[in-house]
Amino acid sequence: MLYLEISVYINQFEVDEELLENALKKFLILPPIFLTDLQTLIVVLKLLNFALTKKVLIDKFNWVAEILMKSESMHHNMADDFKNDDNSKQLCNQFFIELYEVYWLCLKNYSHFSTLNLTKLLFDRLESTKHEIVLLKVNMKCLTLLTENTKHIDKDIVKMYLSQFISLKTIMTNNSNDKSLQRSYLTVLNHILHHTILVPNISEIWCMYDWETWTWSMIHSTDSLVRALVFQFSAGLAVIDIPVSHNLIHLALNYFSESNCLENCVVAEQATLFCSNLFCSPKFKSLCHQCIIKLDFDAFVQIINLCSYYDYTKSGGCLKKYLTPMSIEKPNIMEMCGRICSILTIFIPVSNFNFENLLNSLSVVYERININLDHCTTMVWKSLFKLTTIVIQSTNYKTFVITNNFITALLTSITSKNNDLCIEALNVVSLITSQLSKKFAHRVCNILIRTLLLEWHDKLKRKILLIALSNIFLEHPSTYETARQDNILSFIISKLKSMHLQVTKQSNQKSKVLQIEYLEVVRFCCNLFYGCHDAREDASTELPDLIHKCWPIVVANPKSDILICTLQMLVSLTSSCPSACSAMTMTSSTLGVDAKTKCTSFSLFHEVISLSTNFHLNDDILSITLQLISNCCQAQECRVTITKGKLLSSILLALNLKDKKRPIKIEQQYLKFLLVLTSYNDGQIHLLKVDYALDTLVDLLKSNYINDSLAILRNLCFNGQNRIVILSSDVFLNGIKTLLETGNLTNQNYKDISLAIWAIACNNQKARLQLRHWGIDKYFEKSTNLSICNDETQNIINCTYKILKN
């Protein structure tokens, strides 16, 4: 012993390993026969205990672990031979205390010594050691290290030994002053529970015992680590739906108000874990609402502020410092901040808290937190992002401070390998796009696009990435230049092509999956085209032709979202984009045939017109179809297609006041379409060629549609080719005269009538004579000083009167 003790003080200490091993090994291999042999073995174990404690010699004793693994059964069977009297029993207990101390040191220093067999052996010994506190403590120390490894805990062990282990609860309660024993016991319990938490039906084993009473008794320990371990254990019970004391829940929530003391952070950290696990369960929803009234949310905010002042590498006061393997590589107090955010995420939607203070606190955390992603950082960021999302959604908060650090954290999270973290960060991005500066918007857009290109096959990520990008393009159209450099539109169109090819070959189930993907892409395109004119121009070459090829699938189920979303996307595509409108007439439905360079006899635009004449369609679909046709009137090719078909006849027939078949919403859309069409010369000429067009429009002057009808008539009058037809229509002239007689007109009505009469009479003496014959000039004479008309309209009325008078 003295020889080994000297080694501590000598740097280059040499020892004959073979000699040492041969001298001591035989005592561990051969079973003791007499008490003197047992006494000698105890001394040898003390020597080994001393030697293994000295780090300088640790490499010299590898053989100890090997011998002990081979001698496990022999050593534990010795107990039957040495318990004949009190002296032998005492020596036997002393032997096991020393043996287990050596076990513990081997477990600490030699990884191969840790085995499932040893775990079972020590569990078996619990019953015989529970009345020997010192022996029980060192046994529990060994089990603490053994159960750190999930390989040494299986469902069979839980079934076999849990009841026996739980029988020690009373001993734990009675030995309340022995903190180390309580800590070891609770740590082993935590390891068993947390390593088996995902085992099917594991709750059936745990629910056999009364944990409510016992955890409540243990939580009053004066040792903060014991209290923290009780909360950690209860957090595990909550996950597998084992009843916990309601008093324990209230106590956990109360810990937040005490957490300004660093020594209590170890308890508060696990109290937050317990609460966040608990309130995520629907079972405790009503309790959550009860707790809202009693909670001081400012205390939560103070803790978040407190946490933000601790550097990410500090571990003072954190439970994880003491617990493995539940620990993380760099334990830190920020994890408690993350857990508090998780709890607030649950509480905030049903509370009336002042969110401004909370967001200010989160801003501080965002500025101070380390963005190097480890296990803890990931958890904290997920909680922070989720809480920020909840707060912004709950309050429509518009003044959240966006800084460079915050954007860096978001983008680091989006590109991380942790899918949950990425998704939470994307949810935040989707909500704050309107508040991004131009610089930040381009930076975020760049990362979103690159992530989308890499992660397209991840369904959930793809969906949220497309939403986030949609919002970016809606709020910051200039970011499309960034997207253009990455060929985002070509990429999206290639995906649509691929979907179309697959859906024609796949089963119905696979087809539904592809339709979901198609919907996500179409909605994205709809938002992209809405704000970005360049995107419309870029897409007009290929997209209409591709949609035409997909059309049979699109219209297969008119009640599905696919049809209406496709139409909405086409409306965005054709808005203020004549090239896209022209492209609608140059498509082919034949696979493998590219878009044409001139109009085809049956294009996508023909399909849309056919759709608009289907009066069995849902009103929303019909309305948006008419809006699309109105957009397409920008292109002459589309106007020619319209006037050659029966669409105008169908619309005017539907507008007949004597035959009310269509809802008001659709009639309004019909009139808006006619108004757009008659803004062009060919539309003005062709509409008037439709049977009873003039009569129908004049008839509508008596309805609630007076404004739109009058505007369309005004447009028809603008075309000189229509003058003869209009002047020969008693219906039209009488309709205008009747309106002027009533005098119950708006400023816009007077303006439209004046412009219509001016267009007919200008440079045409015969027209002026005929209008005066009808007495139209007299009504304009009376209208030259109307208070209802603004200066512009009054000037138009005066000019019209002068023309009629000449």
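Relevant structure appears above.
Residues numbered from 1 in each chain as written. Predicted model: local features only at pLDDT ≥ 70, side-chain atom pairs only at ≥ 80, totals over all residues. Heavy atoms only, no water.

Peer 1: Looking at this structure, how should I read the overall build of the protein chain?
Peer 2: When you go through the protein chain residue by residue, the secondary structure sums to 46 helices and zero strands. Scored against the burial criterion, the 806 residues of the protein chain give a buried share of 55%. Taking the intrachain contacts of the protein chain between residues at least 6 apart in sequence as the baseline, contacts between residues at least 24 apart amount to 74%. Within the structure as shown, the protein chain displays about 36,300 Å² of accessible surface, and the carbon and sulfur contribution to it stands at 50%. (Helix = DSSP H or I, 4+ residues; strand = E, 2+ residues; numbered from the N terminus. Buried < 20%, exposed > 50% of the residue type's maximum accessible area, 1.4 Å probe, protein only. Contact = heavy atoms within 4.5 Å. Areas by Shrake-Rupley, 256 points an atom, 1.4 Å probe, with all protein chains shown as cover.)

Peer 1: Would you explain unusual backbone geometry in this entry?
Peer 2: Trans is the prevailing form of peptide bonds, just as negative phi is the prevailing case for residues other than glycine. Phi at Asn201 takes a positive value of approximately 60°, unusual for a residue other than glycine. Located in the positive-phi region is Asn763, a residue other than glycine, with phi close to 60°. Mapping Asn763 onto the fold places it in the loop between helix 43 (747–761) and helix 44 (765–773).

Peer 1: Would you mind showing me how to read the side chain of Thr345 here?
Peer 2: For Thr345, the position within the fold is in helix 19 (residues 334–347). At a separation of 2.7 Å, a polar atom in the side chain of Thr345 contacts the main-chain carbonyl oxygen of Cys341. (Polar contact = N/O pair within 3.5 Å; in protein donor to acceptor, adjacent residues only side chain to side chain.)

Peer 1: Quick question: what am I supposed to make of the pattern of salt bridges here?
Peer 2: Note on pairing: side chains with opposite charge can pair once their charged atoms come close. Here the structure, examined in full by the defined rule, presents 15 salt bridges. The residue Asp682 makes a salt bridge to Arg639 at a minimum N-O spacing of 2.8 Å. Of this pair, Asp682 sits in helix 38 (residues 681–689) while Arg639 sits in helix 35 (residues 636–644), and the two are 43 residues apart along the sequence. On the accessibility criterion, Asp682 (17% relative accessible area) is buried. Each member of the salt-bridge network shares a partner with another, and the members are Glu481, Arg484, Asp534 and Asp538. (Salt bridge = Lys/Arg side-chain N within 4 Å of Asp/Glu carboxyl O.)

Peer 1: What's the story with the packing of aromatic side chains in this structure? I'm lost.
Peer 2: The geometry of an aromatic ring pair is captured by two quantities: the separation of the ring centres and the angle between the planes. Applying the stated criterion across every chain yields a total of 15 aromatic pairs. Where Trp206 meets Trp211, the ring centres are 5.8 Å apart and the plane angle is 40°; that geometry is what we call tilted. Trp211 gets classed as buried once you look at its relative accessible area, which sits at 1%. Through successive ring pairs, a cluster of aromatic residues spans Tyr185, Trp206, Tyr209, Trp211, Trp214 and Phe233. (Phe/Tyr/Trp six-rings, centres within 6.5 Å; stacked < 30°, edge-to-face > 60°.)

Peer 1: Help me understand the packing of helix 34 (residues 619–632) against helix 37 (residues 664–677) in this model?
Peer 2: Two quantities define a packed helix pair, namely the angle between the helix axes and the distance between the axes. Look at helix 34 against helix 37: their axes get within 9 Å of each other, and the N-to-C directions meet at 5°. Taken together, helix 34 and helix 37 sit at an angle that is classed as roughly parallel. Packed against helix 34, whose contacting residues are Asp619, Asp620, Leu622, Ser623, Leu626, Gln627, Ile629 and Ser630, the element helix 37 presents Lys665, Ile666, Gln669, Tyr670, Lys672, Phe673 and Val676 at the interface. Of the residues belonging to the contact of helix 34 with helix 37, the class tally is seven nonpolar, four polar and four charged. (Axes fitted to C-alpha atoms, helices over the stretch in contact; angles between N-to-C directions. Parallel < 35°, antiparallel > 145°, perpendicular 65-115°, else oblique. Nonpolar A, V, L, I, M, F, W, Y, C, P; charged D, E, K, R; others polar.)

Peer 1: Would you take a moment to explain helix 40 (residues 706–717) for this structure?
Peer 2: Helical geometry: 3.6 residues make up each α-helical turn, so side chains three or four residues apart lie on a common side. In a regular helix each residue adds 1.5 Å, so twelve residues correspond to 16 Å; helix 40 covers 16 Å between its end C-alpha atoms and thus fits that length. Counting buried positions over the twelve residues of helix 40 gives ten, a clear majority of the element. Among the structural elements, helix 37, helix 38, helix 39 (693–699), helix 41 (723–727), helix 42 (730–742) and helix 43 are those in contact with the buried residues of helix 40. (Expected span 1.5 Å × (residues − 1).)

Peer 1: How do you make sense of the packing of helix 11 (residues 179–195) against helix 14 (residues 224–239) when you look at a structure like this?
Peer 2: Following both chains from N to C, one finds helix 11 and helix 14 inclined at 20°, their axes separated by 9 Å at the closest point. By the angle class used here, helix 11 and helix 14 are roughly parallel. Handedness of the crossing formed by helix 11 with helix 14: left-handed. Along the contact surface, helix 11 presents Lys179, Gln182, Arg183, Leu186, Thr187, Leu189, Asn190, Leu193 and His194, while helix 14 presents Leu225, Val226, Leu229, Val230, Gln232, Phe233, Gly236 and Leu237. (Left-handed = near helix turned anticlockwise from the far one by under 90°.)

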